[in-house]
Amino acid sequence: MPHLFFEYTDNLKVDTKQTLLNLNEALVGSGHFDENSIKARAIKLDDYLVGTQPQARRAFLHMRLTILSGRTPEIKKQVADLLVATVQKGQRWPDGVQVQITAEVIDMERDIYGKLKL
């Protein structure tokens, strides 16, 4: 725990291995998560639409971080802002493409989460 889902539209060139590493390091650096508990994955979206204008040059990156319940709304907001800032650093966006970067932090009920480490 936590689980990080990193989605991005296929009109963006993203070095996913480096980006996931940067995000995991930022999460560890926040002091809220153990290094070996973070599970991150990248999902490139081939089928998507931003708004109602299919011809518009638009793109997005969205991160969903699921964490065990118990953290305050303030901590969750700090973590969401940290994810957005981390993705923004060092990225080059295509000219003429409007890019939206978003993040959400979602609780998973601690009492009903199952985990087995082998």
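Residues numbered from 1 in each chain as written. Predicted model: local features only at pLDDT ≥ 70, side-chain atom pairs only at ≥ 80, totals over all residues. Heavy atoms only, no water.

### Quick word on the overall build of the protein chain
Looking only at helices and strands, the protein chain features 2 helices and 4 strands. Ordered by position from the N terminus, the helices and strands of the protein chain form the series β-α-β-β-α-β. Across its three principal axes, the protein chain shows a C-alpha extent of roughly 45 × 30 × 30 Å. For the protein chain, buried positions account for 33% of its 118 residues. (Helix = DSSP H or I, 4+ residues; strand = E, 2+ residues; numbered from the N terminus. Buried < 20%, exposed > 50% of the residue type's maximum accessible area, 1.4 Å probe, protein only.)

### Things to note about the sheet that holds strand β4 (residues 98-108)
Strand order across the open sheet formed by 4 strands is β2-β1-β3-β4, with mixed pairing between neighbours. In this open sheet, the two strands that pair with only one neighbour each are β2 (39-45) and β4. Neighbouring strand axes in the sheet, compared pairwise and without regard to direction, differ in orientation by 15 degrees on average. Along the sheet, helix α2 (residues 73-88) makes contact with β1 (3-9), β3 (58-68) and β4, crossing β4 at roughly 145 degrees. (Pairing = 2+ DSSP bridges. Axes fitted to C-alpha atoms, helices over the stretch in contact; angles between N-to-C directions. Contact = heavy atoms within 4.5 Å.)

### Considering the packing of aromatic side chains
Under the criterion given, the structure shown has 2 aromatic pairs. Between F6 and Y8 the ring centres are 5.8 Å apart and the planes differ by 35 degrees, which places this aromatic pair in the tilted class. Across the pair, exposure class does not vary: F6 and Y8 are buried alike. Plain terms: the ring middles of Y48 and F60 are 6.3 Å apart, the flat faces sit at 90 degrees to each other, and that makes the pair edge-to-face. A residue pair is termed long-range when its members are at least 10 positions apart, and Y48 in the loop between β2 and β3 and F60 in strand β3 qualify at 12 residues. The ring of F5 has R41 lying over it, and the distance from NZ or CZ to the ring centre is 4.2 Å. (Phe/Tyr/Trp six-rings, centres within 6.5 Å; stacked < 30°, edge-to-face > 60°. Lys NZ or Arg CZ within 6 Å of the ring centre and 35° of its normal.)

### Remarks on helix α1 (residues 16-29)
Look at α1: 19 Å from first C-alpha to last across 14 residues, which is about the 20 Å you get at 1.5 Å a residue. Within α1, the full set of buried residues consists of T19, L20, L23, A26 and L27. Projected down its long axis, α1 carries its buried residues within an arc of 125 degrees, all on one side. α1 presents K17 and G29 as exposed residues on the side facing more than 90 degrees away from its buried surface. Buried residues along α1 sit against β1, β2, β3 and α2. Trailing α1 by a residue or two, G31 shows a phi angle of about 85 degrees, which is positive. (Expected span 1.5 Å × (residues − 1). Arc of directions from axis to C-beta.)

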